[in-house]
Amino acid sequence: VNSVTAFVCLSAKAPTEFIIFIQDFNSFITRTNTCGELRSAHVGRQVTLCGWIQYQRQGLFLVLRDFQGLTQIIIPQDEAHSHVKKLLSDAPVESVVRVTGIVSPRPPGQENPKMPTGDIEVKVETAEILNSCKKLPFEIKDFVKKSEALRMQYRYLDLRSFQLQYNLRLRSQMVMKMREYLCNLHGFVDVETPTLFKRTPGGAKEFIVPSREVGKFYSLPQSPQQFKQLLMVGGLDRYFQVARCYRDEGSRPDRQPEFTQIDIEMSFVDQAGIQRLIEGLLQYSWPEEKGSITTPFPSMTYEEALAGYGTDKPDTRFGMKIVDISDFLRRSDIPFVQNALSYPHGAVKAICIPRGVRYLKNKDLESLKETAKSQFNQEIVEIICRPHGSLKSLLTKFLDEKQQSDLIQVLNMQVDDVVLLAAGEHKQVCSVLGSLRLESADLLEAAGLVLRDPTTFHFLWVVDFPLFLPKEENPTELESAHHPFTAPHPSDASLLYSDPTKVRSQHYDLVLNGSEVGGGSIRIHSAEQQRFVLEKVLKEDSEVLSHLLEALEFGAPPHGGIALGLDRLISLIVDAPSIRDVIAFPKSFRGRDLMGNAPDYVTPEELELYHIQVSWPLAEKEAKKN
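Residues numbered from 1 in each chain as written. Predicted model: local features only at pLDDT ≥ 70, side-chain atom pairs only at ≥ 80, totals over all residues. Heavy atoms only, no water.

Engineer: Hey, could you run me through the domain arrangement of the protein chain in this one?
Structural biologist: Examined at the domain level, the protein chain breaks down into domain 1 (40-131), domain 2 (165-300 + 459-581) and domain 3 (318-447). Just the C-alpha atoms count here: the centres of domain 1 and domain 3 sit 62 Å apart. (Domains from an automatic or database assignment.)

Structure below.
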């Protein structure tokens, strides 16, 4: 009678053997079954179910819901059970009840093939209201629309929805499979690292936590980066953690101030070893209902990604790649083209929007050009392929018939295609066309053309990133493209001391359907090289990292690692509109907990312990702004 699920996994000691785990949902509690498991095979059995009243109709029957599904409950109509009828008929929707009764087949013609339990019903003998429910702020149904703010204010109610239940349970199952793969099959050690630490140079802003020492503060770590490297110095060899991480990034869309990483570090490993590990990890933990994933994942360099897709996280589910037509137009007399190509890194590039004439309106094309102008200060020229094979564009007056025909071939244009062309500095042009590529895909899909199937999963490794990038606020200074502990590419190691701007890194990102879901690197394990990067290249105070630099002098092994963004990964797997839909208790867009109203004020007396005084005029000004 009990609901059980069998899980099969490989034995760590003998990988050819299988261990079967039985999952019993009804152990230790008062119910005999869940609301989602009863079938025709259970007919005639007495069962006890517990759950929430999803729906009740005229005192005749109700639908009982729990985490696993729905069961139809028949309310007795005879006089002997009048108290049961009154109890269940008067109970408000979402009240918690326990019922005991006999499983019966539904009358012929009343079966519900849309419900897994649709062939049976339970005729109640006894019932108990465990807790009554007051008037709800919204209906607990997935198809009922409600604002995200309301959902987050009453998150404990929102969690009752089948979609959130599914998301969180799938997340739990994947994490458990990851633990099995890493710890049981490959000897990783699960280590908890400190949450209270000190400021790390570079990267995102960190949350600070006051201490009772005057003027001294902890920082919440952006990641366990330093600790996992120190664990390698300590000889643990293989580390893993489901790590909580913190970044004070302010109001950024679809980001969370606290998030979860699958954090990994290994000694004596190279980039290929990390990639093989992650491919195996994802293949092992991948949900069966989502199909299989193929390994090895394809790979492309950072430069290839930028040139072909205009971004370092390309969505490879659809085409519309950026095409470089600089050489083709170099001999043309088009003024703005010749002006762009006269500069050292000048380029002319384009993307082709398939059937753009058919699916896009004039206002859509104007919107694309406005995006390029407002966000990138870049002019865009459109080219339309007419039904008889001629072109409609401002460029046609500069091109003869043969040049127009050749341009159609270079761009692989078909009738009704629309090309967006940009000329300027190489990286700038790639970035703007990469952005327009994604915006065009949005517009085409809104008009009915499916380009990006959410049920397909295209993984991609992006490698050979630059080790350093110019700072946005001061391009004459450099900052780490990844973080300051990333090792240079072996082929470029000598350039670190002569021309660091040309050094590639041993940094690798994992991209899924156009979103970064993981990033890692081989680390610097030489104290001398690490000190040079901090002091000479990044101009950072190395004293902040004196503990790590000293550790590297005590025989640190070569090591590397990666972190997978668990929230982002799960949200892509379940096709959630936001990562908030795969986190039990997320923060709002502004980083607030709308349910518990955090952050909140503390009294001056409480702050006195930490030697802090709040400048209230500034605080009030900030409160008004928010």
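Engineer: Is there a simple way to explain the environment of H489 in this structure?
Structural biologist: Assignment of secondary structure puts H489 in the loop between strand 21 (478-480) and helix 14 (495-498). Considered as a pair, H489 and R504 are 15 residues apart in the sequence and their alpha carbons are 5.4 Å apart. When neighbours within four sequence positions are excluded, H489 is seen to be in contact with D464, R504, S505 and Q506. (Helix = DSSP H or I, 4+ residues; strand = E, 2+ residues; numbered from the N terminus. Contact = heavy atoms within 4.5 Å.)

Engineer: Just checking my understanding: could you explain empty space enclosed by the protein for this structure?
Structural biologist: Here the structure, examined in full by the defined rule, presents one cavity of 30 Å³ or more. What the largest cavity holds in volume is close to 40 Å³. (1 Å grid on protein atoms, 1.4 Å probe; cavity = no way out; pocket = protein on both sides within 12 Å on 5 of 7 lines; lining within 4 Å. Points joined across faces, edges and corners; volume = space filled by probe spheres on them.)

Engineer: Where do I start with the packing of helix 7 (residues 302-309) against helix 13 (residues 426-446) in this structure?
Structural biologist: Axis angle and axis distance: for two packed helices, these are the angle between their axes and the distance between the axes, and together they describe the pair. Where helix 7 contacts helix 13, the axes come no closer than 7 Å and their chain directions differ by 60 degrees. By the angle class used here, helix 7 and helix 13 are oblique. The residues of helix 13 that touch helix 7, namely those facing L306, A307 and Y309, are H426, K427, C430, S431, G434 and R437. Tallied by class, the residues present in the contact of helix 7 with helix 13 amount to four nonpolar, three polar and two charged. (Axes fitted to C-alpha atoms, helices over the stretch in contact; angles between N-to-C directions. Parallel < 35°, antiparallel > 145°, perpendicular 65-115°, else oblique. Nonpolar A, V, L, I, M, F, W, Y, C, P; charged D, E, K, R; others polar.)

Engineer: It is not clear to me how the sheet that holds strand 24 (residues 559-565) should be interpreted in this structure. Could you clarify?
Structural biologist: Across the sheet, which stays open at both edges, the eight strands sit in the order 8-11-12-24-23-22-19-13 with mixed pairing between neighbours. Among the strands making up the open sheet, the edge pair consists of strand 8 (189-190) and strand 13 (299-301). Sheet topology places strand 11 (residues 238-246) next to strand 12 (residues 258-267); nine bridges connect them, and they run antiparallel. Residue Y246 lies in a different strand from strand 12, and its bridge partner there is E258. Set on the sheet, helix 4 (residues 162-186) makes contact with strand 8, strand 11 and strand 12; between it and strand 11 the angle comes to about 150 degrees. Of the strands in this sheet, strand 11, strand 12 and strand 24 touch helix 5 (residues 225-233), which is tilted by about 20 degrees from strand 12. (Pairing = 2+ DSSP bridges.)

Engineer: Where do I start with the pairing of strand 11 in this structure?
Structural biologist: On a regular strand, one side chain projects to one face of the sheet and the next to the other, so that they alternate. When strand 8 meets strand 11, the two strands line up parallel, connected through two bridges. When the bridges of strand 11 are listed, V189 appears paired with Y239.

Engineer: What is the right way to look at a nonpolar patch on the surface in this model?
Structural biologist: Together, Y156, F585 and M595 line one region of the surface with nonpolar side chains, adding up to about 310 Å² of accessible area. Among the structural elements, M595 can be located in the loop between helix 17 (566-573) and helix 18 (604-608). (Patch = residues over 30% accessible without salt bridge, like charges linked within 9 Å, V, L, I, M, F, W, Y side chains within 5 Å. Areas by Shrake-Rupley, 256 points an atom, 1.4 Å probe, with all protein chains shown as cover. Salt bridge = Lys/Arg side-chain N within 4 Å of Asp/Glu carboxyl O.)

Engineer: Honestly, the nonpolar core in this entry has me stumped. Any pointers?
Structural biologist: One broad rule of soluble globular proteins: the nonpolar side chains tend to lie buried together. Of all hydrophobic cores here, the largest spans 51 residues; its most connected members are I264, I278, L282, F459 and L510. When neighbours within four sequence positions are excluded, L282 is seen to be in contact with M178, I293, F297, F459, L510, L564 and L569. (Core = buried A, V, L, I, M, F, W, Y, C linked by side-chain atoms within 4.5 Å. Buried < 20%, exposed > 50% of the residue type's maximum accessible area, 1.4 Å probe, protein only.)

Engineer: Would you mind showing me how to read the pattern of salt bridges here?
Structural biologist: Evaluated as defined, the whole model comprises 34 salt bridges. With a closest N to O distance of 2.4 Å, R179 and D190 form a salt bridge. In this pair, R179 sits in helix 4 while D190 sits in strand 8, placing the two residues eleven residues apart along the sequence. Using a relative accessible area of 30% as the deciding quantity, one classes R179 as partly exposed.

Engineer: Hey, could you run me through helix 11 (residues 362-376) in this one?
Structural biologist: The periodicity of an α-helix, 3.6 residues per turn, causes residues three or four positions apart to be oriented the same way. For helix 11, spanning 15 residues, the distance from its first C-alpha to its last is 21 Å, which sits close to the expected 21 Å at 1.5 Å a residue. Listing the buried residues of helix 11 in full gives D364, L365, L368, T371 and A372. Seen end-on, helix 11 carries its buried residues on one side only, within an arc spanning 115 degrees. Among the exposed residues of helix 11, those oriented more than 90 degrees off its buried face are N362, K363 and S374. Where helix 11 is buried, its residues meet strand 15 (346-353), helix 10 (356-359), strand 16 (381-385), strand 18 (418-425) and helix 13. Directly beyond the C-terminal end of helix 11, a positive phi value near 55 degrees is found at N377. (Expected span 1.5 Å × (residues − 1). Arc of directions from axis to C-beta.)

Engineer: Even after reading the chapter, I still don't get the packing of aromatic side chains, so can you show me in this structure?
Structural biologist: Pairs of aromatic rings are described using the distance from one ring centre to the other and the angle between the two planes. Scanning the model with the defined rule gives eleven aromatic pairs in all. With a centroid separation of 4.5 Å and an interplanar angle of 10 degrees, the aromatic rings of F297 and F459 are classed as stacked. Taken together, the residues span a long stretch of sequence, with F297 in the loop between helix 6 (271-285) and strand 13 and F459 in strand 19 (residues 459-463) at a distance of 162 residues. The exposure class assigned to F297 is buried, which follows from its relative accessible area of 6%. Residue class for F459 comes out buried when judged on its relative accessible area of 4%. (Phe/Tyr/Trp six-rings, centres within 6.5 Å; stacked < 30°, edge-to-face > 60°.)

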